[in-house]
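This is what each chain is made of:
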Amino acid sequence: MADQAKALPTKRFFVRMITRDISIEDCILDLLDNALDGASKEVARRHGSLDRENAYDGFWARIKIKDNSFCIEDNCGGIPLAEAKNYAFYFGKPDPDVNGGVPAIQTAEHSIGLYGIGMKRAIFRIGKMAKVVSSTSAGAFEVDIDVSKWEKSGEWAFDLTECKAKTPGTTITLSPLADFVNEEVNSPEFLDKVWKSIARDYSFFIQKGFKVFMGDSEVNPYQFTLREGGGFSPAYLHYTDEETGVRVTIKAGMAGPPPDEGSVDEKMKEVEYCGWYVICNDRIVIAANKNDKTVWTEGGSFPSWHPQYNGFMGLAFFESQDPALLPWTTTKRDIEVHAPVYRRALAKMRDATREWIDYTNQRKGYLEQAKAIERQATSVPIKRISEIKAISVPRFEAKPKVRMANINYSVTLDDLKAVATALGNEHMSYRDVGIETFKFYKENEVD
Amino acid sequence: MAGNSFDVVNYSVRPNKNVERKLLAESLAALAPQFNISDYRYVGFGSMWFTDFALFHRTLQISDMISIEGGGEDAVRRAEFNRPHTCICVLGGYSTEVLASAIEDKKRSIVWLDYDKGPGEAPAEEDIEIFFRHASSGSIVMFSMNAHGERIRLRKDTGKGFKPRLEGLKDLLKHLVPSWVKEDDLKNETYPSTLARIFLDHMKSIPVRLGRTVKFIPLYNIYYRDGAPMITVGGMLCDKSDETTLTSLNLDKRFFYIGEEPQLRIEVPHLTPKEKILIDCTVPYNLRNDCKMIGLDGLGPNDGMENAPISREMLEQYVKFHRYFPYYAEVI
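Let me sum up the structure you'll find in this document. All values derive from a computational prediction rather than experimental measurement.

**Regarding the sheet that holds strand β8 (residues 264-266) of chain B**
Sheet strands associate in pairs through backbone hydrogen bonding, adopting either a parallel or an antiparallel arrangement. Residue and element names in this part refer to chain B. Taken in spatial order, the eight strands make up an open sheet running β3-β2-β1-β4-β5-β7-β6-β8, and their pairing is mixed. The open sheet has two edge strands, β3 (88-92) and β8, and neither has a second partner. Averaged over all pairs of adjacent strands, the angle between strand axes in this sheet comes to 15°, irrespective of strand direction. With four bridges connecting them, strand β1 (residues 41-44) and strand β4 (residues 109-114) associate as parallel partners. Bridging across to β4, Gly44 finds its partner in Trp112. Lying over the sheet, helix α4 (residues 95-103) contacts β1, β2 (64-69), β3 and β4, oriented at roughly 180° with respect to β1. Along the sheet, helix α7 (residues 191-209) contacts β5 (140-146), β6 (215-226) and β7 (228-238); its crossing angle with β6, the most-contacted strand, is approximately 160°.

In C-alpha cells, the structure reads:
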C-alpha cells in the first residue's frame, strides 16, 4: 500500500490566509451582508419576492463600536439551529456529496451572501474573543470563540450551546479586539469612512426600507442622481443576457458639471462619487470606478480616466435569482472582470461613456455656453430617469471664426487673493480673475 | 458681548489672545518635570513681536526656539533684528516647506501654528500631516485658525447669491468634511465648535492612517475673539508610556480649560481699573457677600441685576479668567 504525506492545514495558517487580504471595513460590511441576507430570506418567506418598494421595512442592523469592543446586532430572523450546526460556521459551503451528506441550504432569493466565509473571517480579523448569539422564533443558540485557544485545539468545530428562543435576530460581539484593530476602528475618520461606504454601497437596500444604525444614528442612503434637461439626458437601457439570463440595466450620464479647464488638477469635492458603479442584486460591488476594471483602459482603444471626465456617473445593474451567475468575487466587493456576462455589458457601458468624453472635449471650446446649459439640467433620482437608449448631450453651434489667443502666466497666490478680494469675491477662480482684470484694463486703457 | 464702542477691542492689545497664551503656558508648565519641558523645542510663527516666544522662554525655560517666517528675505531680516532672545532661530520659508526640517531630528517639540487665516486658506491640513509624520512622542501641537462663519459663505458659481454653507465648507476642506456635518452646525454661533471637532477628529485619525503607534490626545479646544472669531485646537502625541504619564497628571481635573469638549470660550470683559480692582477683592471668595461688602452689590446671582453697573455674564467671564487678565499701562 502506498504511504501518505500529510497535507492538513494548521489552523493558524488557515486563519492567517483567510484574513490576510481583507480590510476591517470590508469585514464589517460582510457582517452587514449577513444581516441583509437574513432579512432577504424573511422577506422572501413572507412575500415570495424582493421586487417590492419597501421590501425591507422593519428590518435593521446596528453597529456599535466602543473602546476595545465591536458589536453588530440585527433583527433579521436569526440563524436556525440546524443551519448553525451544519452550515453557518462551516468554512465555505457544505457540498452534500463530499461532506458526509450535510444537507445543502437553500439560498435566499437574490442572496448577496455566497461563500459562507464572511462571519468567520470577520471574527478572526477583528476580535480576539467572539460571542455569537442568535435566535429564531423556534430556538436559539450561543457560540463563544476564543480565537487563540481555537487555533491551538485540534477540533475543527466551535462549541454551541442551545438556549431559549428570544426576539429573532443575531448579535455578534467581538471583545477584546485584535492587535492594532482597536486604534483603527475607534478613529473618527475610519468611522466616517464606514458610514459613507454604508450610505453609498447599501443605498438601494436602505431605500427599500432596511435601516442601518451606527451607534444611535441612522445612516441615510446616498441618493444617486443624474441630470436631465438643457439638452442632457442620461442613457437608460436594459436587457436580459442571453447566455445567463442575468438581467442587466445600464444608466449613465451627468451627475454634476465637469470641472473648469485649468482647475482639473485641483482636488475636486465629491469626486469619490464620479465614475462607474457595478451593482449585483442591489449590492454595489464596485463604486466610483476610474480604472480598467470598468471602461477606462490604459493605452487601449478607450481612454483612461482623466479628471476632465469628473461629473460623469454610470451604473450597471446585474440581477439574478442565482448569485453564482453574477460577475462578482468572494468578497462581494469586487467584480470578476473575466465573466462573459460582464464583458458583454462592458461594451454597452463604453458606448454610454464615449458620448460624455466627447462632450467634455467639445465643451472646452464653448465653456461659457456649456456652463449655462449645464445649469439648466436638474438632478433626477436614477429610479425616475426616462428610458432612452443612448446618453444625449448638448451640441454646440459652430461660432463665427474669431482668432483667439490664450494667456498663461503665474503670479503669487497672495497677489491673486488680493486682486480677487478687490474684485469682490476672494474665492473667485484663477481663470476669472485673469479675465476680469484683462477686461478692466481693456475698458479703461484701450480705445 | 454688546457692540458699544467701549467694548470694541483695541486690536493691538488683544486681551483674549493674551489670556489664551497664558492658559497654554500654565498648562504646558504643568507637564514639567515629567515631560522635561525645558528641554523641548518651541516652533511657532513669531512674526515681529515674538510674544509667545518671550512668554514660553520665561515660563517654560525653553531655549531652543524656531520661528517660521514666510514673509520673504526682508521679513526674515527684520524678524532677526526684533527677536528678543538669541536662542530664537528665524527660519525663512512657508510652514509647509520648512516645518519638517524644524522637527524631524527626533527632539520633542511644542509646535504652535497660529494662522490668521481660515480653513482652505491656511495650510492646516498639510502642516498637520507634516507634524504627525515627523514629530516624536511627547510632542505637542496646537493650531489656531479663523473660525468666522462668513468665511464659508461662498458665492454661487453663477455669481448671484450664496451657496449653502455646507457646500462652501466642502469647497474649502474637500474630503475632510465628515458626513455628520449639517447646515445647522455651520451657523456663525455653531461653526467654531464644528470646525474644532473636524480638526480634532482629523488629528485623532492621522496616526492610524500613517501607521504610527502613537496616539493623539486632545488637550485644547478653545474659542476666543478679539475681532475675528478664532479657535485653537491641540494636544499631545503619545506612545503608551507617555499616555500613562500624561493621564497621571490629571490635567483636565486641575485646569478648567483642558479638555476636548465642550469648547472653552474666552470672552473677557473690558473692565475699568476701578471695576477690576473691586472685583479682584472679592475673588475667589463668596462673590455675592463680598460684592455687597465693597459696594458692588447687584452683581451676584439673582441679586437685583437692574442696579448692577456691569452684567452678570461679564462678571462671570471675568472671574473665570481673572488670574490671566492682562494689565495694560503706558510706559514712559
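**What to know about the packing of aromatic side chains**
This model, assessed by the stated rule, comprises 35 aromatic pairs over all chains. When the ring of Tyr257(B) is compared with that of Tyr324(B), the centres are 6.2 Å apart and the planes differ by 90°; the resulting orientation is edge-to-face. Highlighted residues: Tyr257(B) in the loop between α9 (251-254) and β8 and Tyr324(B) in the segment after α12 (312-321), separated in sequence by 67 residues. Residue class for Tyr324(B) comes out buried when judged on its relative accessible area of 4%. Three or more aromatic residues joined by ring pairs make a cluster, and in this case those are Phe232(A), Trp276(A), Trp296(A), Phe302(A), Trp305(A), Tyr309(A), Phe312(A), Trp356(A) and Tyr359(A). Positioned above the aromatic ring of Tyr239(A), the side-chain terminus of Lys348(A) is 4.6 Å from the ring centre.

**Quick notes on the interface of chain A and chain B**
If you look at the interface, chain A gives 19 residues, while chain B gives 27 residues. Summed over both sides, the interface between chain A and chain B buries roughly 1800 Å², with carbon and sulfur atoms accounting for 51% of that surface. Between chain A and chain B we count zero salt bridges in total. Counting across the interface, chain A meets chain B through six residue pairs in polar contact (both at pLDDT 80 or more).

**Brief notes about the packing of helix α1 (residues 11-19) of chain A against helix α4 (residues 118-126) of chain A**
Residue and element names in this part refer to chain A. α4 packs onto α1 with a crossing angle of 100° between their chain directions and a minimal axis gap of 9 Å. Put simply, α1 runs roughly perpendicular to α4. Together, Val15, Ile18 and Thr19 of α1 and Arg121, Phe124 and Arg125 of α4 make up the contact between the two elements. For the contact of α1 with α4, the per-class residue count stands at three nonpolar, one polar and two charged.

**Topic: the side chain of Asp52(B)**
All names here are of chain B. Looking at the secondary structure, you find Asp52 in helix α2 (residues 51-60). Despite its burial, Asp52 pairs with no opposite charge; the closest candidate is Arg21, at 5.5 Å N-O. Once you skip the residues sitting within four places of it in the chain, Asp52 turns out to touch Arg21, Tyr42, Phe45, Gly46 and Trp112.

Thresholds, definitions, all that
- Residues numbered from 1 in each chain as written.
- Chains lettered and ligands numbered in written order.
- Predicted model: local features only at pLDDT ≥ 70, side-chain atom pairs only at ≥ 80, totals over all residues.
- Heavy atoms only, no water.
- Pairing = 2+ DSSP bridges.
- Helix = DSSP H or I, 4+ residues; strand = E, 2+ residues; numbered from the N terminus.
- Axes fitted to C-alpha atoms, helices over the stretch in contact; angles between N-to-C directions.
- Contact = heavy atoms within 4.5 Å.
- Phe/Tyr/Trp six-rings, centres within 6.5 Å; stacked < 30°, edge-to-face > 60°.
- Buried < 20%, exposed > 50% of the residue type's maximum accessible area, 1.4 Å probe, protein only.
- Lys NZ or Arg CZ within 6 Å of the ring centre and 35° of its normal.
- Buried area = accessible area lost by both parts, 1.4 Å probe.
- Salt bridge = Lys/Arg side-chain N within 4 Å of Asp/Glu carboxyl O.
- Polar contact = N/O pair within 3.5 Å; in protein donor to acceptor, adjacent residues only side chain to side chain.
- Parallel < 35°, antiparallel > 145°, perpendicular 65-115°, else oblique.
- Nonpolar A, V, L, I, M, F, W, Y, C, P; charged D, E, K, R; others polar.
- Lys, Arg positive; Asp, Glu negative; His and termini not counted.

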